[in-house]
Amino acid sequence: MSRPDIYSKSVGYRAVSNLLGLGKSFVKLYLLRQRVPLFVQILLTSRCNSRCKYCNIPLRDQKELSTERILRLIDEMAAAGTYRVGLYGGEPLLRDDIFTIVQHAKKKGLMVHLYTNGLLVKQNIDTIRLLDGIFISIDGPEEIHNELRGKGNFKKVIEAIELSNQYVPVYLMTVLTKQNKKYISYISELSIKYDCLVNYQVVFETPSLSADVSPYKLDTSEREECIKEIMALKNGNPRIALSNTNLQRMLNRTPSLQKKGYQCGVIKCWNGRGACVIDSDGVLYSCYQLIGKEKALNLNEHTFQDAFKYINSCTCLTCDVGCGAEYNLWLSLNPESVLNLVGLLRRSSRRKSSLHH
Ligand code: SF4
Ligand code: SF4
C-alpha cells in the first residue's frame, strides 16, 4: 500500500535530519541544562462528537487557534527543537484544517501522533496516512465500550482500527475504570489480533478536563490487580507499550512520598522543561494537571518560544497521576524504559515499512 509523496519522499534524508535535530536537543537539555520542548501536546479543539462519561472537555466553550496560527506554531516548535507532537482534542478530526496541520508538521520533520475516538477516521483517511501513528480509544467489548463512550461507537471504532491499520501504526488506548477493569486481557487480545500496540491508562481526575471520576475510579486494590494483570500479560504480549518500570511505579506508588519536582514522589518530572501542553484556546501550560492553574501565556499574543520560557519547570511536591510518566522515564534516561521504547519504535518502524511495500 503506497503512502503519499510527503511521507515516502526523502525518508532517509528526513531520518538523518531528525536524528541530528534530536542530538542537538539532547545536548541542550542534558549538557547545557537548557529547557527544550521535545514533546508537545496540543489540544486542537475542545469540540467532540462523543460524550464519554469521565470527560468534560466537550462542555468547554473555547475559541480555537486559527489555521494560520497553528501552522506558524509548528514552524516555531520545529525551530525550538520539538521532536514529537501529539494532536489531541476533543476530537482533533473535527477540525476542517486537520489535513493541512498534519501535512505541515510532517514537512517540518516532526513526529506526529493523533489521538482520536475513531468515529471520523473513515472520512479522514488522507490525513491518517500522513501520521507516524494513530491512538484510538477503546474501552472494552461492545457493551461496555458503548456504555462508557456512547451508543453505537464500538462498531465504528473497530472499523477505524481495521482501516487505520492498513496505513499507519495503531495504538489502542484504554482508560481503565471500575466498569471495564475485567477486560484488560480482551484489549490485549485485540492488540494481538490486529498486531498493534496498546496502552492502558488508569482513569484519574484532571481538574479542568475530566468529569467527577469517583464512580469510575479504581480503588487501591483494584488498581493493583489491574497493574499485576497488565504486567503478566506483557510477558507474552510485547505490544503492551507501558514499560515494566512504569508499571512497577504504579504498583508501588506511595502518594505520601513527596519530593519537589518529582511525579508520585519518585519519577523526575520533565514537564515545563522537556515537555508542555497547549490548550485548545492557545494557552501553553507545563502540564495537563495545571491547565487553568499556573500562570501561562496565550499563543494568540505570544510566540511559542516566549510562552514556553514563561512557564516553570515542574515544582510540584508530588502528584498522584500517571500521565506523562513514561515520557518522564525516557527523559530521565531510565534504562529499562528507554529499551522498552526502542523495542516499540522498532516494532512501529517494521510495521511502517511493511505498509509501505
Ligand atoms: S474522552 Fe475524548 S472522545 Fe471522549 S468525550 Fe472526552 S474528548 Fe471526546
Ligand atoms: S502535576 Fe504535572 S507537573 Fe506536577 S508532578 Fe504531576 S505530571 Fe509533573
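Scroll up to find the structure this text is about.
Residues numbered from 1 in each chain as written. Chains lettered and ligands numbered in written order. Predicted model: local features only at pLDDT ≥ 70, side-chain atom pairs only at ≥ 80, totals over all residues.

Student: What should I look at first to understand the overall build of the protein in this one?
Tutor: Along its length, the protein carries 13 helices and eleven strands. Taking 357 residues into account, the globule formula puts the C-alpha radius of gyration at 21 Å, and the protein, at 19 Å, falls close to it. Across its three principal directions, the C-alpha atoms of the protein cover 50 × 45 × 40 Å. (Helix = DSSP H or I, 4+ residues; strand = E, 2+ residues; numbered from the N terminus. Rg over C-alpha atoms; globule rule 2.2 N^0.38 Å.)

Student: In this structure, what is going on with the site of ligand 2? I would like to understand it.
Tutor: If you check the shell around ligand 2, you find Gln263, Cys269, Asn271, Ser286, Cys287, Gln289, Cys314, Cys316, Cys319, Val321 and Gly324 and nothing else. For the shell around ligand 2, the residue count by class is six nonpolar, five polar and no charged. (Near = placed C-beta within 6 Å. Nonpolar A, V, L, I, M, F, W, Y, C, P; charged D, E, K, R; others polar.)

Student: What is the right way to look at helix α8 (residues 184-194) in this model?
Tutor: An α-helical segment advances 3.6 residues per turn. Residues three or four places apart therefore align on the same side. What α8 keeps buried is the set Ile184, Ile187, Ser188, Leu190 and Ser191. The buried side chains of α8 occupy one side of the element, clustering within an arc of 155 degrees when seen end-on. On its buried face, α8 sits against β5 (170-176), β6 (197-202) and α9 (220-236). Downstream of α8 by a residue or two, Asp195 has a phi angle that is positive, lying close to 50 degrees. (Buried ≥ 20, exposed ≤ 12 C-beta atoms within 10 Å, placed from the backbone. Arc of directions from axis to C-beta. Contact = placed C-beta atoms within 7 Å.)

Student: In this structure, what is going on with the environment of Leu197? I would like to understand it.
Tutor: Summarising the element assignment, Leu197 is placed in strand β6. Looking at Leu197, the number of C-beta atoms within 10 Å reads 22, which means it is buried. Measuring from C-alpha to C-alpha, the distance between Leu197 and Leu87 comes to 18 Å, with 110 residues separating the pair along the chain. Excluding residues that lie within four positions of it along the chain, Leu197 makes contacts with Pro169, Tyr171, Ser191, Arg239, Ala241, Leu344 and Arg347.

Student: Whenever I open this one, the sheet that holds strand β9 (residues 275-278) confuses me. Can you help?
Tutor: Paired through backbone hydrogen bonds, the strands of a sheet run either parallel or antiparallel to each other. As summarised here, the arrangement of the nine strands in space is β6-β5-β4-β3-β2-β1-β9-β10-β11, forming an open sheet in which the pairing is mixed. Looking at strand neighbours, the two that pair on one side only are β6 and β11 (297-298), the edges of this open sheet. Two strands pair when backbone bridges link them, and β9 and strand β10 (residues 283-285) are joined in this way by two bridges, in the antiparallel orientation. Counted as the bridge partner of Ile278 is Leu284 from β10. Sitting on the sheet, helix α7 (residues 153-164) touches β4 (133-137) and β5, and the angle it makes with β4 is about 165 degrees. (Pairing = 2+ DSSP bridges. Axes fitted to C-alpha atoms, helices over the stretch in contact; angles between N-to-C directions.)

Student: Teacher, can you tell me more about the pairing of strand β3 (residues 111-116) here?
Tutor: Side-chain direction in a regular strand flips from residue to residue, so the side chains alternate between the two faces of the sheet. Pairing of strand β2 (residues 84-88) with β3 involves four bridges; the strand directions are parallel. Bridged to Arg84 within β3 is Met111. Tracing the backbone out of β2, into helix α4 (residues 98-107) and back to the parallel element β3 gives a crossover that is right-handed. The pairing of β3 with β4 spans four bridges and is parallel. The residue bridging His113 from the neighbouring strand is Gly133, located in β4. (Right-handed = clockwise from strand over helix to strand, strands pointing away.)

Student: I keep staring at the packing of α8 against α9 and nothing clicks. Help me out?
Tutor: Helices that pack against each other are described as a pair by the angle of their axes relative to one another and the distance between those axes. Viewed as axis vectors pointing N to C, α8 and α9 meet at an angle of 30 degrees, and their least axial separation amounts to 10 Å. Here α9 runs roughly parallel to α8, going by the angle between their axes. Seen from above, α8 lies across α9 with right-handed handedness. Contact residues: α8 offers Ile184, Ser185 and Ser188, while α9 offers Cys226, Glu229, Ile230 and Leu233. Taken together, the residues that form the contact of α8 with α9 break down as four nonpolar, two polar and one charged. (Parallel < 35°, antiparallel > 145°, perpendicular 65-115°, else oblique. Left-handed = near helix turned anticlockwise from the far one by under 90°.)

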